[in-house]
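Working through the structure, step by step
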Amino acid sequence: MSASNTPVGKLSRIGRHALVTIAAMSLAACGFNSVPTKQEAAKAKWADVQAAFQERANLVPNLAAVAKGAAEQEKAILTGVVEARAKATSIQVTADDLNDPAKMQQFQQAQANLGANLGRLLASFEAYPDLKSITNYQMLQSQLEGQENRIRISVRDYNAAVQDYNTEVRTFPTMIGAKLRGADPLVPYQAATPGAEVAPSLEGKM
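About the thresholds
Residues numbered from 1 in each chain as written. Predicted model: local features only at pLDDT ≥ 70, side-chain atom pairs only at ≥ 80, totals over all residues. Heavy atoms only, no water. UniProt positions renumbered as here; feature names shortened; annotations may be inferred. Helix = DSSP H or I, 4+ residues; strand = E, 2+ residues; numbered from the N terminus. Expected span 1.5 Å × (residues − 1). Polar contact = N/O pair within 3.5 Å; in protein donor to acceptor, adjacent residues only side chain to side chain. Axes fitted to C-alpha atoms, helices over the stretch in contact; angles between N-to-C directions. Parallel < 35°, antiparallel > 145°, perpendicular 65-115°, else oblique. Contact = heavy atoms within 4.5 Å. Nonpolar A, V, L, I, M, F, W, Y, C, P; charged D, E, K, R; others polar. Buried < 20%, exposed > 50% of the residue type's maximum accessible area, 1.4 Å probe, protein only. Core = buried A, V, L, I, M, F, W, Y, C linked by side-chain atoms within 4.5 Å. Phe/Tyr/Trp six-rings, centres within 6.5 Å; stacked < 30°, edge-to-face > 60°.

As recorded by an unreviewed UniProt entry, the chain carries the name LemA protein and is attributed to Novosphingobium mathurense. The record held by UniProt for the chain lists under Subcellular location (unreviewed entry) the comment "Membrane". Listed under Sequence similarities (unreviewed entry) in UniProt, the entry text for the chain is "Belongs to the LemA family."

Set out below in structure tokens:
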């Protein structure tokens, strides 16, 4: 009879299997697998945020084309919008930068600046009823409203994913897995001004 078939050998095999099972359960309990899963979920939501802001930026050239009939004062505001768009699109926060508060703040401020300039331009168009009656302008109104809502929703979903991940990283026992993987908390997206994360109503402004 081989040693592995003896009662002692069988007990040894059972013991090894038990240790492997316990080790696997311990790793699961300490977040070794759940931490990267939640991290990837947050990164995916950030990609949605970037896409939503980029789509808004893509509407600026259309707005500029429609606004050709505006007065010089409004053209100066339009120049500010174009410049704000250039800055906003030049600042990129990749998935690997999501734990960098400084880079996130730069991105937030640039997007807030573009939003503020867009708001000023739209408000200035109130003085041009002929401009507001243009079909392309009306279509642009609908596109901007939809885009602001997409931005709001994507930011909300990203922040929820970040909160879920950060809770996993900062609480016991899953924080053990986070430490083993070198996982750091991620930075949520915070509106630069109170209420800026809420989609503004463009009704009557275009």
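Picking up after the structure, the text goes on.
Some thoughts on helix H5 (residues 101-124)
Between the first and last C-alpha of H5 there are 34 Å, a value that for 24 residues agrees with the 34 Å anticipated at 1.5 Å per step. For H5, the N-terminal cap is aspartate 100; the gap from its side-chain oxygen to the backbone nitrogen of alanine 102 is 3.0 Å.

Considering the packing of helix H7 (residues 135-170) against helix H8 (residues 174-181)
It is the contact of H7 with H8, at a shortest axis distance of 5 Å, that shows an interaxial angle of 90 degrees. The orientation of H7 relative to H8 falls into the category roughly perpendicular. Where H7 approaches H8, its residues Thr167, Glu168, Val169 and Arg170 are matched on the opposing element by Thr174, Met175 and Ala178. Counted by class, the contact of H7 with H8 contains 3 nonpolar, 2 polar and 2 charged residues.

Description of helix H2 (residues 34-58)
Here H2 is 25 residues long and its end C-alpha atoms lie 36 Å apart, about the 36 Å a rise of 1.5 Å per residue gives. Every buried residue of H2 is listed here: Val35, Gln39, Ala42, Lys43, Trp46, Val49, Ala52, Phe53, Arg56 and Ala57.

Focus: the nonpolar core
Burial of nonpolar side chains together is a common tendency in soluble globular proteins. Within the largest apolar cluster, 41 residues are counted, with the highest numbers of intra-cluster contacts made by Trp46, Leu63, Tyr158 and Tyr189. Looking at this core element by element, the count peaks at 10 residues for H7. Here leucine 63 is in contact with Leu118, Leu121, Leu122, Phe125, Tyr137 and Leu140, once residues within four sequence places are set aside.

Considering the environment of lysine 43
For lysine 43, the location among the structural elements is in helix H2. A relative accessible area of 19% means that lysine 43 is categorised as buried. In the structure, lysine 43 is positioned 51 residues away from threonine 94 in sequence and 8.8 Å away in space, judged by C-alpha atoms.

Let's talk about unusual backbone geometry
A cis amide bond, omega 5 degrees, links phenylalanine 172 with the succeeding residue proline 173. Secondary-structure assignment places proline 173 in the loop between H7 and H8.

Considerations on the packing of aromatic side chains
Going through the model one piece at a time under the given rule, you end up with 6 aromatic pairs. With a centroid separation of 5.7 Å and 35 degrees between ring planes, the pair formed by phenylalanine 53 and tyrosine 189 is classed as tilted. Of the two residues, phenylalanine 53 is situated in helix H2 and tyrosine 189 in the segment after H8; the sequence distance between them amounts to 136 residues. What makes phenylalanine 53 buried here is its relative accessible area of 6%. Each member of the aromatic cluster is reached from another via a ring pair, and the members are Trp46, Phe53, Phe107, Tyr158 and Tyr189.

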